[in-house]
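Residues per chain are reported as follows:
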Amino acid sequence: MKRRGLTTLILLALALLLLVPSAGVFYTDWLWFQELGYDGVFLRTLNAQTMVFASTFAAVFLVLFFNLRMARRTFNRPHIVLGTNIDGRSIAIDGRRLTGLALPVAIVIAVLMAFSAARDWLMWLSYFNAAPFNQTDALFGRDVSFYVFKLPVLQAVRQMALITLGLSLVGSGLYYVLSGSFLIEARPNSFWPSLRLVPMARRHLGLLIAGIFGLVAWGAWQQVYATVIAASTATVTFGASYADTHARLPFLWVQLVVLAAGAVLAVLYGFTRRGWPLVLAVASYFIVSLAGGIYGTFVQRFVVEPSELDREGPYIEHNIEATRLAYGLNDVEERQISGDAELTAQDIISNAATIENVRLWDHQPLLQTFGQMQEIRTYYDFNSVDNDRYLINGKYRQIMLSARELNSDALQNRSFQTERLINTHGYGLTLGPVNQVTTEGQPVLFIRDMPPVSSVDLKVDQPSIYYGELSNDYVLVKTRQLEFHYPRAGDDNEMTTYDGTGGVPVGSLMRRLLFSIRFATTNILFTDQITAESRILFHRRVADRVRILAPFLTYDRDPYLVVADGRLFWIQDAYTTTANYPYATPIMRQGGPFNYIRNSVKVVVDAFHGSTSFYLAEPTDPLALTIANIFPGLLKPYADMPADLRAHVRYPEDIFQYQTAVYQTYHMTNPTVFFSKEDQWQIPTLDVDRSSVPMQPYYTIMRLPGEKQPEFIQMLPFTPRLKDNLSAWMVARSDPEHYGKLVVFQFPKQKLVFGPKQIAGLINQDQVISPQVTLWNQQGSQVIWGTLLVIPINESLLYVRPLYLRASEGRIPELKRVIVAYQSRIVMAETLTQALAQLFGSSIAAALAPDRLSGSGTPAPVAASPGGPAAAAAGPTVEPTMAALVAEMRAHWNRASEALRQGNLALYADEMKKAEAVLARMEKIRK
């Protein structure tokens, strides 16, 4: 008796250890959702999980327990003899114990299956709240919503029912075996004995087998429709192919009929003494399945492959159309440009807005520079650099900015008071233009220091960052302890008290106890710093915050900081995705494949208050509309977003990368061209640290060919597969009037337009640049190559590549040179303006805004460029000097000689033609 009481006490203690922390987390999460105004989302989710769990548990338990209870009724012996041991004594089991297992076994299995089903709560809610796509699949004519919202539920129900009936069959069969309901009788004139079931067991098992046959038949019906969302047997397309449609689908229908007949035969087997109906049902199913596989392979091998294009042509069209639609590529605007137009100084000046926003600072060097110049204290970190555009002093400019966040891991004295009460937030940001540097090669900063100092008309009135990319630990605010705000000169610090609206009130004893349990600390409970007004801030990391609030969305990797109305906000892009879009080719990713994506939601997080708002940016997306139906009020109208924030919405990076990856193949809409892959594109690669790295999309401000105004875009070039010349470049437009529009500029296939890898090769081989880089690397410095940027100007291209230098004993990279390539001409200068002046004439320097400023922020004098004229403040256009033309002539001659040596006659002719043009310019100067 004492032992039983001790066991009960231990079990009770274990239950408390498991349940109390879970209950604490559950209740504090509820308080957090309530504080943010999303208690409806919390309750809706909880209600759905509870309903799915309860329904699944009830259904599985009732079926299992009913069948096991029926089977255990055949037990009429107190003991069941299983055999004998070594000394000949019988091994027996108490029959009552076996009969008592039915209830706990049914409960355990039902609980496990209910937990598994409850994880798919959103699938069930989507089933009942589905919004139509108003698009049909090409084979069956069903609305896409059937495949996205309905079919997954039907498949889940069938799978759950099949597992339940299968376990019922196994459990009931074991009961019948142990109870002696299987009779073994000798048959005259036969070596094999006869196995016979008692009538009740036979009927019971026959009905269970009939149910399993019925569920497998239902699965065959589902498989018919699943062919359009499954990998095809053909290698050229996704979804149902010719062999699937003409061979496997007919056999699936035959299989369905055979299985339905098998269910009838199983019932016949249960209610008669004949055994052949069951044998016939099983044999027929396997024969039809085997025949279907063989016939499908035969059709693929002997009917499709000899005339694959003719057979698969219609299905290739289905795949192309569906894939372009699923990834938002059906409305891509395609424009043709020549790519070889001759640029003049006037063309450069006319596109000053593009030139003045060329990004000369790469993210990583700039992040290191920000860290050295503006972290101020070791416990501050700049986590990432974001690209955006602002109206600065009335001018539309691209800028790069980074938040100065608190890194609690870097605190010198880490204690409860320093981590949770004093050092609670980051402070301010660093912001500057992408294209300007100081005379020391460092970035020009419009906003800097603490408190923030702004040299432009962009102000930051509330620089405190309580919610950010790094902030993940909890902190306590509005306590008796003043919070560290920012360091002053010397050893003095500015202190503050949080006056925002974020956080959960934690003043009561019960809440302090609950949060102590949640965060496994007694300090919250026993500290005397907490008052009735105190609040606890947790889930402060933006990425975690939005995922906890809306885990059913897919999020972009990088939230970005925005300065609006004097305050700091984070904008996080969110996507709706599915893997069930008919005929669309999927993309593999870490979280699982998908073949449909939309950037339907923009999330805004206030860096000070922590308020989080979800805005519906694409109101025609059925997945987003379904979420809106499930959670009324979660997705606010896009028009409700403040105008200052809407001006900084940008086309996100992740979806653009997915779209460009798909467009490499699916820009081909002709089935014949698609089949042969004769116009396959690829994303260019550049050699970085002895490995080829694909180019990444980048943001910039430019005036697109054919447009009148500069705009903020994201772009990426394409080259032909296994070749390095340029085929096209794609842009995603971000400004409000053109937001989300994708445009592709294609070059003529018969012309050679140098691609990024070819230009990078020419830069590395240049007789001026290569020795200089080698010399720098040998003088105790490290040369860091910047991103090679493709800058379209009218009908031609400029390539710009910044070059940074970092001293071996220092960590601050300096922008040392800018390399510009135009056609086959390459120049290197201290500034972009100087490089352009060498290429197109010094009048450019007077027309463009200075890109190198003195330490005080005033324009620095433009020094004379090697091999080129000095940039004049004003005056007439000056042509390149004779020395510069001679150097250019020599470069063309060397490349022509190299091309002739390699047998590249086309390049040889092109270089000789350019050499003749330079010679004509030289003669003009002599005259």
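Preceding block: the structure.
Residues numbered from 1 in each chain as written. Predicted model: local features only at pLDDT ≥ 70, side-chain atom pairs only at ≥ 80, totals over all residues. Heavy atoms only, no water.

### Regarding the packing of helix α8 (residues 242-271) against helix α9 (residues 276-304)
In the contact formed by α8 and α9, the axes pass within 8 Å of each other and the chain directions differ by 180°. Taken together, the axis directions place α8 and α9 in an arrangement best described as roughly antiparallel. In the contact of α8 with α9, the residues fall into 22 nonpolar, nine polar and one charged. (Axes fitted to C-alpha atoms, helices over the stretch in contact; angles between N-to-C directions. Helix = DSSP H or I, 4+ residues; strand = E, 2+ residues; numbered from the N terminus. Parallel < 35°, antiparallel > 145°, perpendicular 65-115°, else oblique. Nonpolar A, V, L, I, M, F, W, Y, C, P; charged D, E, K, R; others polar.)

### Thoughts on the nonpolar core
Of all hydrophobic cores here, the largest spans 125 residues; its most connected members are W729, L798, V820, L832, L836 and F840. Once you skip the residues sitting within four places of it in the chain, V820 turns out to touch L798, Y799, V800, R825, I826, V827, L832, A835, L836 and L839. Judged by nonpolar contacts, the second largest core, of 78 residues, contains F33, Y38, Y466 and A564. (Core = buried A, V, L, I, M, F, W, Y, C linked by side-chain atoms within 4.5 Å. Buried < 20%, exposed > 50% of the residue type's maximum accessible area, 1.4 Å probe, protein only. Contact = heavy atoms within 4.5 Å.)

### With respect to the packing of helix α2 (residues 39-72) against helix α7 (residues 199-226)
Packed helix pairs are specified by the crossing angle of their axes together with the interaxial distance, meaning the distance between the axes. Between α2 and α7, whose axes approach to 10 Å, the crossing angle comes to 160°. One element, α2, and the other, α7, form an angle in the roughly antiparallel class. Crossing geometry of α2 relative to α7 is assigned as left-handed. Listed contacts from α7 to N67, M70 and A71 of α2 are M200, H204 and L208. A class-by-class count of the residues in the contact of α2 with α7 yields four nonpolar, two polar and no charged. (Left-handed = near helix turned anticlockwise from the far one by under 90°.)

### Thoughts on helix α20 (residues 653-666)
With 14 residues, α20 extends 20 Å from end C-alpha to end C-alpha; this agrees with the ideal 20 Å at 1.5 Å per step. Counting buried residues along α20, ten of its 14 residues qualify, which places the element largely inside the surrounding structure. When α20 is considered as a whole, its buried residues turn out to be D654, I655, F656, Q659, T660, V662, Y663, Q664, T665 and Y666. (Expected span 1.5 Å × (residues − 1).)

### Remarks on the sheet that holds strand β19 (residues 535-537)
In a beta sheet, neighbouring strands are held together by backbone hydrogen bonds and run either parallel or antiparallel to one another. Here we have three strands laid out as an open sheet, ordered β15-β19-β18, and antiparallel in their pairing. Bordering the open sheet on either side are β15 (475-477) and β18 (504-505), each of which pairs with just one other strand. Bridge count for β15 against β19 is three bridges, and the pairing is antiparallel. Bridging from a neighbouring strand, V477 pairs with R535 of β19. (Pairing = 2+ DSSP bridges.)

### Describing unusual backbone geometry
Cis rather than trans, the peptide bond between M450 and P451 has omega equal to -5°. The residue P451 is located in the loop between β12 (447-448) and β13 (453-454) in this model. If you check the backbone angles, D565 has positive phi at about 55° while not being a glycine. Mapped onto the fold, D565 is located in the loop between β21 (560-564) and β22 (567-578). By relative accessible area, which is 65% here, D565 ends up exposed. Positive phi outside glycine occurs at Q823, with the angle close to 55°. Note on placement: Q823 falls in the loop between β36 (814-822) and β37 (825-829). Judged by relative accessible area, Q823 falls into the buried class, the value being 18%.

### What about the environment of S897?
Inspection of the secondary structure puts S897 in helix α26 (residues 882-901). The partly exposed category is assigned to S897, whose relative accessible area is 29%. For S897 and M912, which are 15 residues apart along the polypeptide, the C-alpha to C-alpha distance reads 9.3 Å.

### Observations regarding the pairing of β21
By the criterion of burial, β21 is predominantly enclosed, with five of the five residues buried. The alternating pattern of β21 places Y560, V562 and A564 and L561 and V563 on opposite faces, both of which are buried. The pairing of β21 with β22 spans five bridges and is classified as antiparallel. When the sheet's bridge partners are listed, V562 is paired in β22 with F569.

### As for the side chain of D621
Looking at the element boundaries, D621 is found in the loop between β24 (612-616) and α18 (622-630). Within the local environment of D621, its side chain forms a polar contact with the side chain of S600, the two groups lying 2.7 Å apart. The residues touching D621, leaving out its near neighbours within four places in the chain, are T576, Y596, R598 and S600. (Polar contact = N/O pair within 3.5 Å; in protein donor to acceptor, adjacent residues only side chain to side chain.)

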